Amino acid sequence: MIQASKQSRAEKQTGTQRENNRVVVIGGGLGGLASACTLAARGYAVTLCEKNAWVGGKAAVLAEQGFRFDMGPTILTIPGVLKRIFSEAGRELESVLDLVPLDPQWRSFFTDGSTLDLVSDVAQMRTTLDAYAPGSGAGDGYVRFMQLSERLHRISNDFFFWRSVGGMKDMFNPRLSLNFSALKEVLGMRPGHSVAGTVRSFVSDERAAQMLDHFTQYVGSAPDASPAVLCGIAHMQAHEGVWYPRGGTGAVPRALASLAVDLGVEIRTRTPVQRIIVEKGRVRGVETQQGEIIAGGAVISNSDTVRTHRELVAEPSRSRFLSRRTYEPACSGIVLYLGLDKRYEQLIHHNFIFSADPHEEFESIYRRGEPAADPTAYVCAPAVTEPEVAPPGGESLYVLVHTPYLRPHHDWSKMFPAYRRRIIEKLEQTAGLKDLEQHIVFEKSLTPQDIHDRYHVLNGAIYGLASHGRFLGAFKPANRSPDIEGLYLAGGSAHPGPGMPMVLMSGWIAADCVDQDKLVEPATVASRAEAYSAV
């Protein structure tokens, strides 16, 4: 009886230990999946809770009437981030994804009737720009811009990426002094300069500059209000290329979810979380909306960082986070999913149909908070790469137009019909998609309100938090919470920011922080301890 009693107590203690040594991930978007895979590969027990019936977040798929659309991100860059996540489990990315390189990377259509293709080779772009804007020096200017971009990319790799960063002090190793060399690198980030100003200091042709400005649209922010360090995106894209995963970008979350399951992650869809349980300043798990308690020694929230603190975190931690800085949402957008009974041969896989006046466009969207009268439209026409996305001879056209994040007076149920007509007109007039309306045989759409409701983001923002501010605009909330021990943040509204590769990186960073902090034991370690205690 005594022996049985001892065993009972040991089993109870081991059960509590096992619960506390679980990591709970809130949200199965790309960041949450990346966190779950990384942690599971390192031996941790992981439970992922997703409120929707699918995982992948905005990287969802719409398939109807023979048409298939990627609903969210469509451009895959920096595949090295994905490779790093799969390598955690000893897997090769190429074994699960068939990545097709795209070059030209995108085609630009301008209101003067001209087009300009962006290619990865810098020398080829110099020749192209010299022919496109003769006498402007655009070719040589582009080469010098890309040299700066390469330096900014290197600085980002050295000080910004692959670690939890919430501000300037987090960029430096605290064990090392802030020496002259490090200060020189900080100044190399061009603090105080904007993307738009930097671009135009190298490339004066307004059309070519407008094309280069749009690297900031990966982060949903105005180029004249975003810090120059974001110009590093140009080299990141040129260096690692633009890729299309056969099967669409929806193949990425499918591959991650499959890896997670293989590694033992418990994925629970239709399981919204209503609060993060905190005791004495430390995470103890989560409570679902069904009232179930899932104990855990660490929680990674892949939900929007602001809404995580507003809705899932209690005082005083909530107020500390919300008062730390001004959290401005990035832009929102209108997305049209148009199934066509024909293809337009002038379109390549990725296309930008530009506005006549980018300054007026950005002023309207980012400062006045109103849809632009003459918007830029991003158009993805994937059938040129994968004909199976549409019936024979057809096209699954994805159209994205950036809009302001939701304001109280925006009623998109009333605003949408007229703005949809304006977008169709824009495509017909600037890109030459003649009689587009007559060739639409299937159509669905998302408005900013739909995005807000569907993805639980801040004010309908597609890209998390805006990157505005010439000095500190690149900084997002750190992946390691400074307010609650054991709480970590991942996703587009956490460091390093939005865009498919950055969101995946944020998930890896959050997982790596859990691993570094040792608040949770890997399941393999816990299993050994359990076996030892049972002897």
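Predicted model only: the values in this text are computed from it and were never measured.

### A few points about the overall build of the protein
Helix and strand counts for the protein come out as 17 helices and 20 strands. Per-residue burial over the protein gives 59% buried out of 535 residues. Taking all contacts inside the protein whose residues are at least 6 apart in sequence as the whole, residues at least 24 apart take part in 73%. A total of about 21,600 Å² of accessible surface is found on the protein, and carbon and sulfur atoms cover 52% of it.

### Overview of the nonpolar core
Among the nonpolar cores identified, the biggest contains 146 residues, and Leu82, Leu256, Ile300, Leu397, Val399, Leu427 and Leu504 are the most heavily contacted of them. Counting residues per element, this core draws most heavily on helix α16 (residues 500-517), which supplies eleven residues. Counting residues in hydrophobic clusters, the runner-up holds 13 residues, among them Ile26, Cys49, Val286 and Leu487.

### Here we look at the side chain of asparagine 52
Take asparagine 52: it is sitting in the loop between β2 (45-49) and β3 (61-64). What makes asparagine 52 buried here is its relative accessible area of 15%. In this view, asparagine 52 contacts Thr269, Arg270 and Arg454; residues no more than four positions away in its chain are not counted.

### Remarks on the confidence of the model for the protein
For the protein, the average pLDDT comes to 89, and 89% of its residues sit at 70 or higher. Scored below 50 in pLDDT, residues 1-17 shows three contacts in the model against residues more than four places distant or in partner chains. Below pLDDT 50 for its whole length, residues 525-535 participates in five contacts with residues either more than four positions away or in separate chains.

### What about unusual backbone geometry?
With an omega of 10°, the peptide bond between aspartate 103 and proline 104 qualifies as cis. Mapped onto the elements, proline 104 comes out in the loop between β6 (99-102) and β7 (106-109). Of the consecutive residues glutamate 315 and proline 316, the connecting peptide bond is found in the cis state with omega at 0°. Tracing the backbone through its elements, the reader meets proline 316 in the loop between α11 (305-312) and α12 (317-322). One non-glycine residue, aspartate 435, lies in positive phi territory at about 55°. Relative to the elements of secondary structure, aspartate 435 occurs in the loop between α14 (412-430) and β19 (440-446).

### Here's the deal with helix α4 (residues 122-132)
Inspection of α4 places Met125, Leu129 and Tyr132 among the buried residues, and these make up the whole buried set. Within α4, the buried residues cover an arc of 60° as seen down the axis, which keeps them to one side. With respect to the buried face of α4, the exposed residues turned more than 90 degrees away are Thr127 and Ala131. Tucked inside the fold, the buried residues of α4 contact β8 (115-118), α5 (138-159) and α8 (206-213). A distance of 3.3 Å separates the backbone nitrogen of alanine 123 from a side-chain oxygen at the start of α4, and that oxygen is part of aspartate 121.

### Observations concerning the environment of tyrosine 419
Along the polypeptide, tyrosine 419 turns up in helix α14. With near-sequence residues (within four places) excluded, tyrosine 419 lies in contact with Ile334, Pro371, Ala372, Pro375, Val401, Thr403 and Trp412.

Reading the values: the criteria
Residues numbered from 1 in each chain as written. Predicted model: local features only at pLDDT ≥ 70, side-chain atom pairs only at ≥ 80, totals over all residues. Heavy atoms only, no water. Helix = DSSP H or I, 4+ residues; strand = E, 2+ residues; numbered from the N terminus. Buried < 20%, exposed > 50% of the residue type's maximum accessible area, 1.4 Å probe, protein only. Contact = heavy atoms within 4.5 Å. Areas by Shrake-Rupley, 256 points an atom, 1.4 Å probe, with all protein chains shown as cover. Core = buried A, V, L, I, M, F, W, Y, C linked by side-chain atoms within 4.5 Å. pLDDT = per-residue confidence, 0-100. Arc of directions from axis to C-beta. Polar contact = N/O pair within 3.5 Å; in protein donor to acceptor, adjacent residues only side chain to side chain.

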